Amino acid sequence: MAWRGQLSRNLKELRVLLCQTSPSSASARSFVENNYRDLKTLNPKLPILIRECSGIEPQIWARYDMGVERGIRLEGMTEPQILKALEDLVKAGASLKA
């Protein structure tokens, strides 16, 4: 998973939106609990924002150069699927730079 170390090269900011209690955000909460530390350790200068709001649909947003943003809805996804979605966002950032 070498792409994890590429976040700060391809993204300007990563935001995770989730609800603290809803079942639809359970996998997003699990993703944050299990992966935040590693992602932040590998990308110490990258802003990784965790936004909790009651009743919100779980989402992940990536901000790239020039203010370009892409988001993915996480409802119904498992933690491995969320990791794959994040990997796809990182790769999209690399293609925007090319």
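Look a little higher up for the structure.
A brief look at the structure comes next. Each residue is numbered by its place in its chain's sequence as written, counting from 1. Note on the predicted model: pLDDT of at least 70 is required for a residue's local features to be given, and 80 or more for side-chain atom pairs to be given and counted; whole-chain, interface and lining totals, by contrast, use all residues. Neither water nor hydrogens contribute to the side-chain values; these are computed over all heavy atoms in the structure.

## Concerning the overall build of the chain
Phase 1 of the analysis: Across its full length, the chain carries three helices and four strands.
Phase 2 of the analysis: Strands are runs of DSSP state E lasting at least two residues, helices are runs of H or I lasting at least four, and both sets are numbered from the N terminus onward. Mapped from its N terminus to its C terminus, the chain presents α and β elements in the order α-β-α-β-β-β-α.
Phase 3 of the analysis: For the radius of gyration, the atom set is restricted to C-alpha positions; the globular benchmark scales as 2.2 Å times the number of residues to the power 0.38. Against the 2.2 N^0.38 benchmark of 13 Å for 98 residues, the chain shows a C-alpha radius of gyration of 13 Å, consistent with a compact globule.
Phase 4 of the analysis: Its C-alpha atoms give the chain principal-axis dimensions of roughly 40 × 25 × 20 Å.

## Remarks on the packing of helix α2 (residues 26-42) against helix α3 (residues 79-97)
Phase 1 of the analysis: Here an angle of 0 to 180 degrees is reported between the N-to-C directions of two axes, which are lines fitted to C-alpha atoms, with helices fitted over the stretch in contact. As a packed pair, α2 and α3 sit with axes 9 Å apart at the nearest point and diverge in direction by 55°. Put simply, α2 runs oblique to α3. Handedness of the crossing formed by α2 with α3: right-handed. Counting all contacts with α2, which are made through Ser-27, Ala-28, Ser-30, Phe-31, Asn-34, Asn-35 and Leu-39, the residues of α3 involved are Glu-79, Ile-82, Leu-83 and Leu-86.
Phase 2 of the analysis: Under the convention adopted here, Pro, Cys and the residues Ala, Val, Leu, Ile, Met, Phe, Trp and Tyr are nonpolar, Asp, Glu, Lys and Arg are charged, and Gly plus all remaining residues are polar. The class makeup of the residues in the contact of α2 with α3 is six nonpolar, four polar and one charged. Reported orientations rely on four angle classes, namely roughly parallel under 35 degrees, roughly antiparallel over 145, roughly perpendicular from 65 to 115, and oblique for the rest. Crossings are classed by handedness, with left-handed meaning an anticlockwise turn of the near helix from the far one by less than a right angle and right-handed meaning a clockwise turn. Contact criterion: two residues are considered in contact whenever any of their non-hydrogen atoms come within 4.5 Å of each other.

## A short note on α3
Phase 1 of the analysis: In this analysis, the expected span of each helix is defined as 1.5 Å times one less than the number of residues it contains. Between its terminal C-alpha atoms α3 stretches 28 Å, which fits the 27 Å expected from 19 residues at 1.5 Å a residue.
Phase 2 of the analysis: Three labels apply to residues, based on accessible area from a 1.4 Å probe with only protein chains included: buried if under 20% of the type maximum, exposed if over 50%, partly exposed otherwise in between. Turning to α3, its buried residues number three or more, namely Glu-79, Ile-82, Leu-83, Ala-85, Leu-86, Glu-87, Leu-89, Val-90, Ala-92 and Gly-93.
Phase 3 of the analysis: Those residues of α3 that are buried lie in contact with α1 (7-10), β1 (13-18), α2, β3 (59-63) and β4 (69-73).

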